[in-house]
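# Examining the three-dimensional arrangement
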Amino acid sequence: MKKSALLLTLSLLVFVFSCKEEDPITNQTGTYSSKDIFKIQEGVSSAEMAISNITHIIELAIDDDQVFYNNGITYPIITREKADPNQTNPYPMIITLDFGTDTTQGYDNRYRSGKIIARVSSHWKDSLSTIEADVQNYYMATHTPNYINGENQAFVSACNSNLRLVIRNEGITKKFENTNYPTQSITCDSAYFSTPLGDIRLSSQRYTYYISGFETPEYSDDKTNNTIESGGSASDNNNNWEWDAEMVGPTNEGLAYFSYNRNCFWLVSGNIKLNYKDLKTQREAMNIIDFGKSDQTNCDNIASYSTNGLSIVFNLP
């Protein structure tokens, strides 16, 4: 290990690390990044972030699509059509969110492109309502590359998604921490995510428990706790992994959920337990991906994990 890395370890400094420990590049924001190797922790976190974001975007389009168009924003182009032209009710409905093919800045200051087509049986808060979403090249990032003399000066955390998602309102039928809450099941049988550094394929089953805010029309007071079981493969130009992720177990492993506040746009707290295997070396490892403390209220796109006594911090798209 180089001397600079050793000094960082001894001083227990937290740094933002997007990929290669041997050759970090300091960019204008003071973070570290490299384009040479893919970190599976960041890829899995980005994929889980994308699933939460896609669900949130569809629900916003159903509830209050005008929230997208502040400050002269023109995308997404939202269209609605009845599933059957002869039906008298608006539902079942097919709603399409078209973010265009050229990445543009939009709602929540993210840059997006691509399309989401959702077939909605009834309003998503109705018990047993089902949303079947077809996600086509849905790209999101918090900023665009910063090129100077043809060279990108900063690593951009981004995620491009292609998947089919089924979101179902299960009613108040499932317990979370011995209490029944309004619950969504979110199922993804096959998904593909690409990031600037590598690719993730996964299948996933998630349950979202609305701890507060479900009964009000506003989303600013929504708070959810989530449990997941996901698994799949990951790859970059040189490496391949198998992995699975789930809620953590005993209390000393971490918080047994992760939270998504729809007013914050990112996963804001809780932990995911990630097990993975390097198919080249057959080495197996486990990390707890940390999105923040359970009482965290600030909105940021930061997550982290620890290895060899060092906290590795990375950005969510």
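About the criteria used
- Residues numbered from 1 in each chain as written.
- Predicted model: local features only at pLDDT ≥ 70, side-chain atom pairs only at ≥ 80, totals over all residues.
- Heavy atoms only, no water.
- Helix = DSSP H or I, 4+ residues; strand = E, 2+ residues; numbered from the N terminus.
- Buried < 20%, exposed > 50% of the residue type's maximum accessible area, 1.4 Å probe, protein only.
- Contact = heavy atoms within 4.5 Å.
- Areas by Shrake-Rupley, 256 points an atom, 1.4 Å probe, with all protein chains shown as cover.
- Core = buried A, V, L, I, M, F, W, Y, C linked by side-chain atoms within 4.5 Å.
- Polar contact = N/O pair within 3.5 Å; in protein donor to acceptor, adjacent residues only side chain to side chain.
- Salt bridge = Lys/Arg side-chain N within 4 Å of Asp/Glu carboxyl O.
- 1 Å grid on protein atoms, 1.4 Å probe; cavity = no way out; pocket = protein on both sides within 12 Å on 5 of 7 lines; lining within 4 Å.
- Points joined across faces, edges and corners; volume = space filled by probe spheres on them.
- Nonpolar A, V, L, I, M, F, W, Y, C, P; charged D, E, K, R; others polar.
- Phe/Tyr/Trp six-rings, centres within 6.5 Å; stacked < 30°, edge-to-face > 60°.
- Lys NZ or Arg CZ within 6 Å of the ring centre and 35° of its normal.
- Pairing = 2+ DSSP bridges.
- pLDDT = per-residue confidence, 0-100.
- Expected span 1.5 Å × (residues − 1).

### Notes on the overall build of the protein chain
Broken down by element type, the protein chain carries 2 helices and 20 strands. Relative to its full complement of 317 residues, the protein chain shows a buried share of 50%. Counted over contacts in the protein chain with a minimum sequence separation of 6, partners at least 24 positions apart contribute 54%. Of the roughly 15,100 Å² of accessible surface on the protein chain, a fraction of 47% belongs to carbon and sulfur atoms.

### Quick look at the nonpolar core
F193 and W243 are the most contacted members of the largest nonpolar core, which has 66 residues in total. The dominant element in this core, judged by the number of residues it contributes, is helix 2 (residues 40-63), at 12 residues. Contacts of F193, omitting those with residues within four sequence positions, involve A47, A50, I51, C159, N160, S161, L163, G198, D199, I200 and L202.

### Points about the environment of Y69
Inspection of the secondary structure assignment puts Y69 in the loop between helix 2 and strand 4 (77-82). Owing to a relative accessible area of 25%, Y69 belongs among the partly exposed residues under this scheme. Residues Y69 and Y107, spaced 38 residues apart in sequence, show a C-alpha to C-alpha distance of 7.2 Å. A distance of 2.4 Å separates the side chain of Y69 from the backbone oxygen of P76, its partner in a polar contact.

### Examining the environment of P90
As for its placement among the helices and strands, P90 is situated in the loop between strand 4 and strand 5 (93-98). Note on P90: relative accessible area 47%, which makes it partly exposed. Spatially, the C-alpha atoms of P90 and S122 are 8.5 Å apart, while their sequence positions differ by 32 residues.

### Here we look at the pattern of salt bridges
Going through the model one piece at a time under the given rule, you end up with 3 salt bridges. Between R80 and D65 there is a salt bridge whose closest N-O contact spans 3.0 Å. You can see R80 sitting in strand 4 and its partner D65 sitting in the loop between helix 2 and strand 4, a full 15 residues away along the chain. Take D65: its relative accessible area is 18%, and that puts it in the buried class. The residue E170 makes a salt bridge to R168 at a minimum N-O spacing of 3.8 Å. Since its relative accessible area comes to 31%, R168 is described here as partly exposed.

### Regarding empty space enclosed by the protein
One pass over the structure, following the stated rule, counts 3 cavities of 30 Å³ or more. Its boundaries defined by the atoms lining it, the second largest cavity holds a volume of some 60 Å³. Together, 12 residues line the second largest cavity, and E42, F155, T195, P196 and L197 are the ones closest to its centre. Take the lining of the second largest cavity: its biggest share by element is 3 residues, from helix 2. Its residues placed into classes, the lining of the second largest cavity shows 6 nonpolar, 4 polar and 2 charged.

### Observations regarding the packing of aromatic side chains
Evaluated as defined, the whole model comprises 7 aromatic pairs. Their ring planes at 50° and their centres at 6.2 Å tell us that Y305 and F314 sit as a pair that is tilted. F314 shares its class with Y305; the two are buried. By way of ring pairs, the aromatic residues F68, Y69 and Y107 are connected into one cluster. One cation-aromatic arrangement involves K125 over F214; the distance from NZ or CZ to the ring centre is 5.3 Å.

### Some details on the pairing of strand 5
Counting buried residues along strand 5, 5 of its 6 residues qualify, which places the element largely inside the surrounding structure. Of the strand pairs in this sheet, strand 4 and strand 5 are connected by 6 bridges, and their pairing is antiparallel. By the bridge assignment for strand 5, I78 is matched with L97. In this sheet, strand 7 (residues 111-120) lies alongside strand 5 in antiparallel orientation, the contact comprising 6 bridges.

### Thoughts on the confidence of the model for the protein chain
For the protein chain, the mean per-residue pLDDT works out to 81, and 80% of the residues sit at or above 70. Contacts from residues 1-36, a stretch scored under 50 in pLDDT, to residues over four places away or in other chains number 65 contacts.

### A short note on helix 2
Helix length check: helix 2 (24 residues) gives 35 Å between terminal C-alpha atoms against 34 Å at 1.5 Å per residue, within 8%. With 23 of 24 residues buried, helix 2 is to be regarded as a mostly interior element.

### Topic: the pairing of strand 13 (residues 199-212)
In regular strands, side chains alternate between the two faces of the sheet. Here strand 12 (residues 179-194) pairs with strand 13 via 10 bridges, running antiparallel. Its bridge partner being in strand 13, S185 is matched across the sheet by Y207. In sequence, strand 12 turns back onto strand 13 through a hairpin of 4 residues.

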